[in-house]
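Now for the letters of each chain:
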There are 2 protein chains.
Amino acid sequence: MAYGDLPGHMSMAFRAAMDRVHAKLAELGYGDVRPAHGFVFQLLSHTNGSTAVEIAAHLGVTKQAATQLLAELETKGYIRREGHPLDRRARLVSLTERGWHCVSAVVNEWRAIEDDWAALVGAERLDVVRDAVCAIVADASSKGQVTMKPLW
Amino acid sequence: MAYGDLPGHMSMAFRAAMDRVHAKLAELGYGDVRPAHGFVFQLLSHTNGSTAVEIAAHLGVTKQAATQLLAELETKGYIRREGHPLDRRARLVSLTERGWHCVSAVVNEWRAIEDDWAALVGAERLDVVRDAVCAIVADASSKGQVTMKPLW
DNA sequence: AAGGTTGGTCAATCAGGTTGACCATAAGGT
DNA sequence: ACCTTATGGTCAACCTGATTGACCAACCTT
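Residues numbered from 1 in each chain as written. Chains lettered and ligands numbered in written order. Predicted model: local features only at pLDDT ≥ 70, side-chain atom pairs only at ≥ 80, totals over all residues. Heavy atoms only, no water.

1. Considering the interface of chain A and chain B
Thinking step 1. At the interface, 49 residues of chain A touch 50 residues of chain B.
Thinking step 2. Taken together, the connections running from chain A to chain B amount to zero salt bridges.
Thinking step 3. Summed over the shared surface of chain A and chain B, the result is 10 residue pairs in polar contact (both at pLDDT 80 or more).
Thinking step 4. Listed by contribution, the elements that provide at least two residues to the side of chain A that touches chain B are α1 (6-27), α2 (35-47), α5 (97-121) and α6 (123-142) of chain A.
Thinking step 5. At 14 residues, α1 of chain A tops the list of elements feeding residues into the side of chain A that touches chain B.
Thinking step 6. For the side of chain A that touches chain B, the per-class residue count stands at 33 nonpolar, six polar and 10 charged. (Contact = heavy atoms within 4.5 Å. Salt bridge = Lys/Arg side-chain N within 4 Å of Asp/Glu carboxyl O. Polar contact = N/O pair within 3.5 Å; in protein donor to acceptor, adjacent residues only side chain to side chain. Helix = DSSP H or I, 4+ residues; strand = E, 2+ residues; numbered from the N terminus. Nonpolar A, V, L, I, M, F, W, Y, C, P; charged D, E, K, R; others polar.)

If you want it as structure tokens, here you go:
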């Protein structure tokens, strides 16, 4: 690999992994999820119950865009929107059973990928990689420049 | 970092690096380049002279989309389109001086980032990372699943 | 010379996002 | 309590970057 190509190669590695996750999802009958949905799932699986504006902030888009996304996810059966118990303006968004299944499929596949990587380069070396990447991200994060969003 | 989070963290590391490159470009007066333009530059800097359809193929978009992109890059002064010497239908696209300056600024910044990473985690460890990532990409590539495109 | 292929453009359309106006409810100051 | 302001959500219009489809001119066969 040429000097200066490491970041780009990381992107490629991620991209290959991402594609594999999507292929797996399609195989399991979740072929109708788009990349941006992942961020919604991620948030919901941690908070279990969020509002549209929170999701919009997490995605880095306007609330209108988020609302549209949620409508789509609702008709596809991944999420549910009910009246918020504490705020009658708001609608509480949460994962359906199908949504949870999809989330765990994703988590499993990311882990499977990491396992494969460990098998490929050796567990000890992958530990080094893990620590290094973690340090790099932490450093960037400390300088206030971290987005999970891979959108350019 | 949690088990299964490595690919995502790689994406974050790349994203932070990418943002830094764009910030640097803006600082140097190349603030009007968009992400997709990078792929055009990359191709042109290696081939020095490509046709619109080749670029389209490299970008993974239709030739119409590529043409539009090229028109934009031309008006911004990064590229030049002249009659192809061997094919009177085609237009040969090449980098202008400004384009070359921009490309080398990008290359320098990627290298500076890689240097910073080496300083952060140690040169030997970063060598391990480099080898590992290279192996991972090579493996994915051998299975025919590699795109440089970080677009989801 | 004739037919099919290829580089490029024009035009219409679509998808996903944005901005802006608006309503209903909530929260706070007085 | 009351009036003002802030906030969650929706509706509607629009922008941008892409797509598909039709087409032309030049190329490459044969």
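Right, picking up where we left off after that structure.
2. Here's the deal with the protein's contact with DNA strand D
Thinking step 1. Around DNA strand D there are 18 residues in total, and K63 and R89 of chain A together with T62, Q64 and R88 of chain B lie nearest to it.
Thinking step 2. Counting only atoms of DNA strand D within 4 Å of the protein, the sugar-phosphate share comes to 57%.
Thinking step 3. Within the side chain of T51 of chain A, a nitrogen or oxygen atom sits 2.7 Å from a phosphate oxygen of DNA strand D.
Thinking step 4. At 3.0 Å, a backbone N or O of V53 of chain A approaches a phosphate oxygen of DNA strand D.
Thinking step 5. Every element with two or more residues in the surface near DNA strand D is listed here: α3 (52-59) and α4 (63-75) of chain A together with α4 (63-75) of chain B.
Thinking step 6. Residues that form the surface near DNA strand D fall into these classes: six nonpolar, five polar and seven charged. (Near = heavy atom within 4 Å.)

3. Points about the relation of the copies chain A and chain B
Thinking step 1. For these two chains of identical sequence, chain A goes onto chain B by a turn of 180° and a shift of 0.0 Å along the axis, with RMSD 0.0 Å. On this basis, the relationship between the two copies can be described by a two-fold rotation axis. Taking C-alpha positions as the reference, the residue of chain A nearest the rotation axis is V129 of chain A, at 2.5 Å. (Least-squares fit on C-alpha atoms with pLDDT ≥ 70 in both.)

4. Here's the deal with the pattern of salt bridges
All names here are of chain A.
Thinking step 1. With the rule as written, the count across this model stands at 24 salt bridges over all chains.
Thinking step 2. One salt bridge in this structure joins R15 and D19, with 3.1 Å as the shortest N-O distance. Of this pair, R15 and D19 are both found in helix α1, four residues apart, which corresponds to roughly one turn of the helix.
Thinking step 3. Residue E74 is joined to R81 by a salt bridge in which the shortest nitrogen-to-oxygen separation is 2.9 Å.
Thinking step 4. Classification of E74 by relative accessible area gives partly exposed; the value is 29%.
Thinking step 5. Among the ionic contacts, a cluster of salt bridges with common partners joins R20, E109 and D116. (Buried < 20%, exposed > 50% of the residue type's maximum accessible area, 1.4 Å probe, protein only.)

5. Some details on the UniProt feature "domain: HTH marR-type" (unreviewed entry) in chain A
Thinking step 1. Per the UniProt record, "domain: HTH marR-type" (unreviewed entry) is annotated on residues 3-138 of chain A.
Thinking step 2. End C-alpha to end C-alpha, residues 3-138 of chain A measures 23 Å, and it is 71% helix and 7% strand. (UniProt positions renumbered as here; feature names shortened; annotations may be inferred.)

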